[in-house]
Amino acid sequence: MNISTNFFEIVPSKDRVSVPYLGFTDKQQLNDLRRDNPKAIFMRSRDKVLFWGEGSFSSNEFLKITISEDYYLFLNVFAHSFLEQFFQSTVTKISTKNHIYKISFFDEDISKNKYRGVKLYRAFHLHFTPYDTNSSMTLGFTISSSVISRITWTRQDFEAQNLRYDDLRYDEKTGEIFATTDAIYRLANHFNYASQIKQEFDSQNSIQKEHEEINSFVMNYFRNDLNKFLLPDGLQIRAINETRYRTDSQTADYTIKMLPKPESYFYKGNYPNRENSFHQRQKIYYNKPFTYDEFENRRINISVIYPKFCYHDVSNFFRDVQKELIETFKLKKENFTPYFCANTAHFYSIMQTEGISIRKFEPKYGVW
């Protein structure tokens, strides 16, 4: 069996380079160098500015970088060369946080304009890092993918539709509404596409979809043309390889262990020795839970926090939960603390919120 990872190995043509540098003075110096020399790459390293490419500058000072001693600096050279294409692009936005580069593509709404007031875009997160095996040091990068949202409606659009916005985050000068979960579902519920956009998020963020998008991204922007990258001192990239592991490998310097199926113990330590085809729920139903004595005669208090607009969904869902607790886990119905709403008994207290966030809620019935 093959196990795919999100680590891609960079195979360089050599393990040492000599890179010219200038003394670093301030950020303005670095910005000026980049502005005046668009065909060159400048990379700060502490008190130095390393550079390579074409430009109206030169230096007699060189810094020698080797993979064995300066692998992070060597990786940083690759990172600057790989990411230059995105800094020059007008349809992508690149940002950095905690040494992770986020590349966002705003040229295509991946939801195909299905959701009024909301657009969805694809982003990729790259972290250039070494991978130390038992036998060697490998250079490469990890990559993941996510879906980001943008609200195309402004505060004025919300006002025109008599849609509440004062509790949402927005820019007071421009009127831009920030794409928080509350803002997205405010529009989704107003236009009746809440369930559809949730399914869209689930589908776009699935492991299968992420693996597909990552491989497509690496192929299109990195592996398709290894000669397009601007690198110093004649350095080249031989290959960019996806890292895969085989569970039946006899010579690998790694070990893959499959977690064993956990053993199940039931009431009074009962453990069915005989393997059978019963589902775990059925086994609990027949044998009672292991901790049955802990709650058999206890008063049970349950509180449910939910957005107002989800009342019916929550009510139907908890009806199934209550049935499961009583029938499968053997909780006694009379032990549930009743709460009353409009002369109707509920076996849970209700906490209603205006939106998805629970930072502000309005308790209606029962106690916290």
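Definitions and cut-offs
Residues numbered from 1 in each chain as written. Predicted model: local features only at pLDDT ≥ 70, side-chain atom pairs only at ≥ 80, totals over all residues. Heavy atoms only, no water. Helix = DSSP H or I, 4+ residues; strand = E, 2+ residues; numbered from the N terminus. Contact = heavy atoms within 4.5 Å. Salt bridge = Lys/Arg side-chain N within 4 Å of Asp/Glu carboxyl O. Axes fitted to C-alpha atoms, helices over the stretch in contact; angles between N-to-C directions. Parallel < 35°, antiparallel > 145°, perpendicular 65-115°, else oblique. Nonpolar A, V, L, I, M, F, W, Y, C, P; charged D, E, K, R; others polar. Pairing = 2+ DSSP bridges.

### Describing the environment of S95
- The residue S95 is located in strand β6 (residues 92-97) in this model.
- With 30 residues separating them in the primary sequence, S95 and H125 have C-alpha atoms 9.6 Å apart.
- If we ignore the near neighbours within four places in the chain, the residues touching S95 are I100, Y101 and K102.

### Section: the pattern of salt bridges
- Throughout the structure, instances matching the rule amount to 15 salt bridges.
- The closest approach of N and O atoms between D166 and R164, which form a salt bridge, is 3.0 Å.
- With a shortest N-O distance of 3.5 Å, E242 and R244 are connected by a salt bridge.
- By sharing partners, the salt bridges in this structure join R164, D166, D167 and R186 into a single network.

### Points about the packing of helix α2 (residues 71-87) against helix α6 (residues 207-223)
- With their axes 11 Å apart at the nearest point, α2 and α6 run at an angle of 95° to one another. Taken together, α2 and α6 sit at an angle that is classed as roughly perpendicular. On the side of α2, the interface is formed by F82, Q85 and F86, while α6 contributes F217, Y221 and F222.
- Among the residues forming the contact of α2 with α6, the class breakdown is five nonpolar, one polar and no charged.

### Some thoughts on the pairing of strand β2 (residues 16-23)
- Across five bridges, the pairing between β2 and strand β5 (residues 62-66) is antiparallel. In the strand pairing of β5, P20 is matched with F62.
- Relative to strand β4 (residues 48-53), β2 is paired through three bridges, and the arrangement is antiparallel. If you follow G23 over to β4, its bridge partner there is K48.

These values are about where atoms sit, not about what they do.
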